[in-house]
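Coordinate analysis (summary)
Residues per chain, in single letters:
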Amino acid sequence: MEEVRLHYDVNAYDFTCAGEASGKLKRSLKNLGFNSAVIRNVAIAVYEAEINMVIHAEGGVIDAIITPDCITVILADHGPGIPDIELAMKEGYSTAPENVRALGFGAGMGLPNIKKYTDEMNIDTVIGVGTTITLKVYNK
Amino acid sequence: MDIKTLKEKLNLKLLCGDDLDRTITGCYCGDLLSWVMSRAQENDVWLTVMGNINSVGVAVLADVACIVLTENAALDADALQRAEQNGVVILQTDKNTYQMAAAISQLI
């Protein structure tokens, strides 16, 4: 398998499309023949990051770089940034508004889940500029 | 056990999907989507009152066998459409989540 690059756009405040990019990425990984555990880890992590983009930022872009050894996903937005990453990483801590919670989101599991299901996670955030999350899942 | 047997034994109403031969190996209850997505196992029956489009997304990503909407929770029109596109089986019952989970534990 050669390196495969995939790109997805995430729309702002559009919960009807939320999960589409992670769903498409999941199907692509399935077609490329990755095992179901690897696919599940990537799908969960990317879904959480995608939902964060919809809730907190005004959408963003997702780029996936897939090689036989590793799946790297870069999620970039131009949202407000994360003021306190340590706090945001705490399970149960959420700043999601009430209308979003009514949809079943805002459990405060987004970033913790991304960390839990990836081998590497890096958050690059600047207040007022945006956040870029880079995650890696190795093909084991 | 497969979905068809579950549907017949527990008198569930089929709202969408046709892959009723799929095997069920467990059950997960919950309405917070992040929680469900990270904890539910492949081939679980997922019991929830969340009938929105995001539930369908979570069902696809977590690879659950089917969704059962408890207490006759409604399925949104756009959720139905997304479920049909993705082949997600959704059933409905008037029982609450506890009653349904207890009944399922007798069967699997």
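Before going into details, it helps to say that this report is about the structure given with it. (Residues numbered from 1 in each chain as written. Chains lettered and ligands numbered in written order. Predicted model: local features only at pLDDT ≥ 70, side-chain atom pairs only at ≥ 80, totals over all residues. Heavy atoms only, no water.)

Let's shift gears to the overall build of chain B. Summing up its helical and strand segments, chain B has five helices and five strands in all. For chain B, the α and β elements follow one another from N to C terminus as α-β-β-α-β-α-β-α-β-α. Here chain B has a C-alpha radius of gyration of 12 Å; the compact-globule value for 108 residues is 13 Å, and the two agree. Dimensions of chain B, computed from C-alpha atoms along their principal axes, come out at roughly 30 × 25 × 25 Å. Here chain B holds 108 residues, and 48% of them are scored as buried. Counted over contacts in chain B with a minimum sequence separation of 6, partners at least 24 positions apart contribute 47%. For chain B, the exposed surface amounts to about 4800 Å²; the carbon and sulfur share of it is 44%. Distance between charge centroids for chain B: 4 Å, based on 8 positive and 14 negative side chains. (Helix = DSSP H or I, 4+ residues; strand = E, 2+ residues; numbered from the N terminus. Rg over C-alpha atoms; globule rule 2.2 N^0.38 Å. Buried < 20%, exposed > 50% of the residue type's maximum accessible area, 1.4 Å probe, protein only. Contact = heavy atoms within 4.5 Å. Areas by Shrake-Rupley, 256 points an atom, 1.4 Å probe, with all protein chains shown as cover. Lys, Arg positive; Asp, Glu negative; His and termini not counted. Charge placed at Lys NZ, Arg CZ, Asp CG, Glu CD.)

Further remarks concern the sheet that holds strand β3 (residues 44-48) of chain B. All names here are of chain B. Here we have five strands laid out as an open sheet, ordered β1-β5-β4-β3-β2, and mixed in their pairing. Edge strands, defined here as strands with exactly one partner in the open sheet, are β1 (13-16) and β2 (26-29). Each neighbouring strand pair of the sheet contributes to a mean axis angle of 30 degrees, computed without reference to strand direction. (Pairing = 2+ DSSP bridges. Axes fitted to C-alpha atoms, helices over the stretch in contact; angles between N-to-C directions.)

The next thing to look at is the interface of chain A and chain B. Each partner contributes residues to the interface: chain A has 26 residues there, and chain B has 22 residues. Its largest share of buried area at the contact with chain B, chain A owes to Lys26, Arg40 and Tyr47 of chain A, together 27% of the area lost on that side. The tally of links from chain A across to chain B stands at two salt bridges. As a salt-bridge pair, Lys26 of chain A and Asp63 of chain B come within 3.4 Å of each other at their nearest N and O atoms. Inspection of the region where chain A meets chain B yields 11 residue pairs in polar contact (both at pLDDT 80 or more). Of all elements in the fold, only α1 (20-31), α2 (36-56) and α5 (110-116) of chain A reach the threshold of two or more residues within the side of chain A that touches chain B. Looking at the side of chain A that touches chain B residue by residue, the class counts come to 12 nonpolar, six polar and eight charged. (Buried area = accessible area lost by both parts, 1.4 Å probe. Salt bridge = Lys/Arg side-chain N within 4 Å of Asp/Glu carboxyl O. Polar contact = N/O pair within 3.5 Å; in protein donor to acceptor, adjacent residues only side chain to side chain. Nonpolar A, V, L, I, M, F, W, Y, C, P; charged D, E, K, R; others polar.)

The next thing to look at is the environment of Glu50 of chain A. Residues and elements named next belong to chain A. Tracing the sequence through the fold places Glu50 in helix α2. According to the relative accessible area criterion, Glu50 is buried, its value standing at 2%. Taking the C-alpha atoms as reference, Glu50 lies 9.8 Å from Ala76; in sequence the two are 26 residues apart. A polar atom in the side chain of Glu50 sits 2.6 Å from the side chain of Ser22.

What follows covers the layout of surface pockets. Approximately 620 Å³ is the volume attributed to the largest pocket. Along its surface, the largest pocket is lined by 33 residues, and Asn52, His56, Ile82, Thr95 and Leu111 of chain A are the ones closest to its centre. When residues of the lining of the largest pocket are assigned to their parent elements, the largest contribution, seven residues, is made by α2 of chain A. When its residues are assigned to classes, the lining of the largest pocket shows 19 nonpolar, 11 polar and three charged. In this model, the second largest pocket occupies a volume close to 180 Å³. Taken together, Asp19, Arg22, Ala59, Val60, Asp63, Val64, Ala65, Cys66, Asn86, Gly87, Val88 and Val89 of chain B make up the lining of the second largest pocket. Here the residues of the lining of the second largest pocket sort into seven nonpolar, two polar and three charged. (1 Å grid on protein atoms, 1.4 Å probe; cavity = no way out; pocket = protein on both sides within 12 Å on 5 of 7 lines; lining within 4 Å. Points joined across faces, edges and corners; volume = space filled by probe spheres on them.)

Residue and element names in this part refer to chain B. Of the two faces of strand β4 (residues 66-69), the one lined by Cys66 and Val68 and the one lined by Ile67 and Leu69 are each fully buried. Pairing analysis gives four bridges linking β3 to β4, with the strands arranged parallel. Of the residues in β4, the one forming a bridge with Val45 is Cys66. Chirality of the crossover, the property in question, places the unit of β3, helix α3 (residues 53-62) and β4 among those that are right-handed. (Right-handed = clockwise from strand over helix to strand, strands pointing away.)

Running from N to C, α2 of chain A and α3 of chain B point in directions that differ by 155 degrees, and their axes come no closer than 9 Å. Here α2 of chain A lies roughly antiparallel to α3 of chain B, going by the angle between them. On α3 of chain B, the residues touching Arg40, Ala43 and Tyr47 of chain A of α2 of chain A are Asn54, Val58, Leu61 and Ala62 of chain B. Partitioned by chemical class, the residues of the contact of α2 of chain A with α3 of chain B number five nonpolar, one polar and one charged. (Parallel < 35°, antiparallel > 145°, perpendicular 65-115°, else oblique.)

Functional significance is not addressed by these values, which are geometric in nature.
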